[in-house]
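# Examining the three-dimensional arrangement
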Amino acid sequence: MPEKVQIRAIKGVRDILPPESRVWARVERAAQDVFGTFGFAEIRLPIFEQTELFARSVGGDTDIVGKEMYTFRDPVETAEGLFKAAFESFPDKVEREELPEDIRSMLAQSTPNVPLDKWKKISLTLPMLSEAMAHGESVSLRPEATASVVRAYIEHGMHTLPGDVKLYYMGPMFRRERPQKGRYRQFYQIGAEVLGQSDAPGIDAELIEMLFAFFGRVGLEGLTLDLNSIGCKECRPKYVELLRAELLKVKDKLGADSQRRIETNPLRVLDSKAPDEQAIIEELPRISDHLCEACKIHFAEVRRQLDIRGITYNLNWRLVRGLDYYMRTTFEITAPGLGSQNAVCGGGRYDGLVELLGGLPTKGIGFAIGEDRLMLSLEAAGKVVAEPSVDAFIVWMGASTQATAIKVAQRLRAAGIKVELPPEEFKFKKALGLADKLGARYAILIGENEIAAGKFTLKRLADAVQTSVTEVELLETLRAD
Ligand code: HAM
């Protein structure tokens, strides 16, 4: 006898079952509708990308890239992939030399579409190349999607499209974080990005307006918007140095994490939740006092644009965000009912990211909503009401009635009505009992008498009221209710 094993979902991931999944679908439809009215179109992105994409954009020193990514080696299949893997495996062997003939012929056979002049920079022996090939390319499950959107924007030459490019996406992201309420290893985001030549503050404000329109549509209330500007490449480095200098003065009073961050990323110290660091952090210099003139003007105008739209916010100078690509506007939205993981949305401006990933100078801003947290908050507010999954349950009695029952089901379903049709004849009581348990609103009784009379019995299950109806009336009643 084989040993009985029970395989369970792995730590930090979960299944989303009906009826909850129906609410998820409703939320996603609301995003599609609302974002569509603001001129956004959907982009569907790969779940995994080259690790380098995230390392470059999100940042190699961030927790996300440094500790939380699911990264694996994919066997090399293209000359470009091999080139990369060779670089990684034997960085010191990269020289400007012609390819040896044996390697050249191997590559010509295995990758006929890639021009061989790409290979002029590398000098490896065949065994070394084989090793690099086996080592493979480093790929990662996406921890977020902004990097992918920017990659796609560059790859498809979207800068030639008219106006700003406005894209939204939804789907799973992966971070190996410590699971807790509202924090999962596979979680879902609904995000949007605006890319183009303009960094007009009206773009920032309209994006936030769109977020609130969406939250309003799904019924999420009690939200708080935190807003900050973290400066640009002119003013931020100076501020970071000042911050580092100030932090070094108080280093001994800080915990190990913050001490480490003084070196790697002093801004992240401002994010610290450690109780005994709070008083120290409050005394640190604030970015708002160190913005350059252009950033000051931009931020003031973002705020004015939000005011025009009637959107209120808290200025939060400590809102620096955990990804490296941000500059100027950053924001986060917190929702009630979530405990410590209460950020339901985060976003900001990332002018310069397109360039960093090899594209032309481009401005960008976006956000991502944590869909799991959105659902938790809706649930806490009693707003997760699943729609009934069955409108009408057909009870057919007698083998000769099945064909009619099937036809009725077909017509009702074609009209968008949710119909449950037992696949075999059930006893009357059992059928009605099941209809009740499934939460059906109506039972349609089809027996030989009904067929002879050309009418069906429609029973409203909430109050057991029965009426005799033609097929046309049946459809009208079900549609109207
Ligand atoms: P983020 O702040 O890392 O930003 O994530 C956005 C939201 O995703 C968070 O506010 C939270 O609701 C949700 N989230 C993050 N990690 C988890 C997790 N482990 N479990 C459940 N929910 C989670 C970004 O990802 C940026 N790409 C946002 C952005 C788009 N910035 C510009 N454009």
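Our subject is the structure that appears above.
To start, this report covers the structure provided alongside it.

Rules and cut-offs
- Residues numbered from 1 in each chain as written.
- Predicted model: local features only at pLDDT ≥ 70, side-chain atom pairs only at ≥ 80, totals over all residues.
- Heavy atoms only, no water.
- Near = heavy atom within 4 Å.
- Polar contact = N/O pair within 3.5 Å; in protein donor to acceptor, adjacent residues only side chain to side chain.
- Areas by Shrake-Rupley, 256 points an atom, 1.4 Å probe, with all protein chains shown as cover.
- Helix = DSSP H or I, 4+ residues; strand = E, 2+ residues; numbered from the N terminus.
- Nonpolar A, V, L, I, M, F, W, Y, C, P; charged D, E, K, R; others polar.
- Salt bridge = Lys/Arg side-chain N within 4 Å of Asp/Glu carboxyl O.
- Pairing = 2+ DSSP bridges.
- Contact = heavy atoms within 4.5 Å.
- Axes fitted to C-alpha atoms, helices over the stretch in contact; angles between N-to-C directions.

## A few points about the site of the ligand
- In the vicinity of the ligand, 27 residues are found, and the nearest of them are Glu144, Glu177, Glu193, Tyr326 and Ala343.
- Between the ligand and Glu177, the relevant distance is 2.7 Å, taken from a nitrogen atom to a side-chain nitrogen or oxygen of the residue.
- Note that an oxygen atom of the ligand is positioned 2.9 Å from one of the side-chain N or O atoms of Arg321.
- With the chains in place, 96% of the 650 Å² that the ligand exposes on its own is no longer accessible.
- Elements with a minimum of two residues in the shell around the ligand: β6 (186-196), β10 (343-349) and β11 (363-370).
- The greatest single-element share of the shell around the ligand, amounting to 6 residues, is contributed by β10.
- Of the residues belonging to the shell around the ligand, the class tally is 12 nonpolar, 8 polar and 7 charged.

## Re the pattern of salt bridges
- A complete count under the given rule lists 24 salt bridges for this structure.
- The partner of Glu49 in a salt bridge is Arg151, with the nearest N and O atoms 2.8 Å apart. Of this pair, Glu49 sits in strand β2 (residues 48-50) while Arg151 sits in helix α7 (residues 146-155), placing them 102 residues apart in sequence.
- It is possible to trace a salt-bridge network through shared partners that takes in Glu49, Arg151 and Glu155.

## Notes on the sheet that holds strand β13 (residues 419-420)
- Spatial ordering of the open sheet is given by β13-β12-β14-β15-β16, a layout of 5 strands whose pairing is mixed. A single partner strand is all that each edge strand has here, and the edge strands are β13 and β16 (465-469).
- Judged from the 5 bridges that link them, strand β12 (residues 392-396) and strand β14 (residues 442-446) form a sheet pairing that is parallel. Paired with Trp396 across the two strands is Ile446, which belongs to β14.
- Here helix α15 (residues 402-414) sits on the sheet in contact with β12, β13, β14 and β15 (456-460), set at roughly 165 degrees to β12.
- In this fold helix α16 (residues 428-437) packs onto β12, β14 and β15, with an angle of close to 175 degrees to the strand it touches most, β12.

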